[in-house]
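# Structural characterization, general
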Amino acid sequence: MVIKYIGRTTDFSGKTLWELIGNLKNFGVGRLVKRNIFERYNEPCFIRILKVEALDNEEGKDRKVRVYVEKVFRARRYPQVVEMESVTYKADYRLVPKSEEKSLWEKVSSIKQSERILPDHVPFPPLLNHILEQERTSPEQDLRLKLVVKQGPDNFYRICKEGEIPNIQMNKTKFPELYESK
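Here the residue numbering is sequential within each chain, running from 1 through the sequence in written order. Only residues with pLDDT of at least 70 are given local features in this predicted model, and only at 80 or more are side-chain atom pairs given and counted; all residues enter the totals for whole chains, interfaces and linings. The side-chain quantities take in all heavy atoms of the structure and omit both hydrogens and water.

### Side note on the overall build of the protein
Stated precisely, the cut-off is as follows: Every helix listed is a DSSP run of H or I at least four residues long, and every strand listed is a run of E at least two residues long, numbered separately from the N terminus. The globule rule is 2.2 Å times the number of residues to the power 0.38, and the radius of gyration it is compared with is taken over C-alpha atoms. Partly exposed residues are those whose accessible area sits between 20% and 50% of the maximum for their type, while under 20% is buried and over 50% is exposed, using a 1.4 Å probe and protein chains only. We call two residues in contact whenever any of their non-hydrogen atoms come within 4.5 Å of each other. Using a 1.4 Å probe, accessible areas were evaluated by the Shrake-Rupley method; residue-level cover was limited to the displayed protein chains.
What the protein contains, in helices and strands, is 3 helices and 10 strands. Its C-alpha atoms give the protein a radius of gyration of 23 Å, more than 25% over the compact-globule value 16 Å for 182 residues. If one aligns the C-alpha atoms of the protein with their principal axes, the spans along those axes are about 70 × 50 × 30 Å. For the protein, buried positions account for 27% of its 182 residues. When contacts within the protein are restricted to residue pairs at least 6 apart in sequence, long-range pairs at least 24 apart make up 61% of them. Carbon and sulfur atoms make up 51% of the accessible area of the protein, which amounts to about 13,700 Å² in all.

Pasting the structure below:
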């Protein structure tokens, strides 16, 4: 018999946060937990549980909990405590063994935090650049796109200031031949 799945699939693998911490002493306060979806990053990503509050369980739904955590994302520690509630029902969490906790903290402290500075303007995509060249009224008009970076807690990028040199180049592409003039 062939099994056919219907509906949306997920990349989650693991347990819900309640399944992990519900049976631990003191609800796992002080323990480290990883989300498997963040394993794609080279830098360590994890949370340290500070406080747990159980929420009312709605019939037929996954149990959610309100958790206050110290969050480390891509080896950067958040300066304030983070409250998690809406993502705790996802079956994507893994408890870090106590034997690995020290090595994770050492990795975080050993990674040098460098600021990622982007240029303030980037070239337009090839087709759009071609259209703009045809519609341009004066030849001295600059055909570059101004970058805008939305600031947030997970954002490690910023736009370069006047006289500053960016350390990330934005004209990397899979098809550089499209940007070459013929």
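Back to the text.
### Some details on the side chain of arginine 158
Spelled out, the test is: Counting of polar contacts relies on pairs of N or O atoms within 3.5 Å, with two restrictions inside protein: one atom must be capable of donating a hydrogen and the other of accepting it, and residues adjacent in sequence are counted only when both atoms are side-chain atoms.
In this structure, arginine 158 sits in strand S10 (residues 157-159). Look at arginine 158 and you get buried, because its relative accessible area is 16%. At a separation of 2.7 Å, a polar atom in the side chain of arginine 158 contacts the side chain of glutamate 164. Excluding anything up to four places from it in sequence, arginine 158 contacts Glu115, Arg116, Ile117, Leu118, Gln151 and Glu164.

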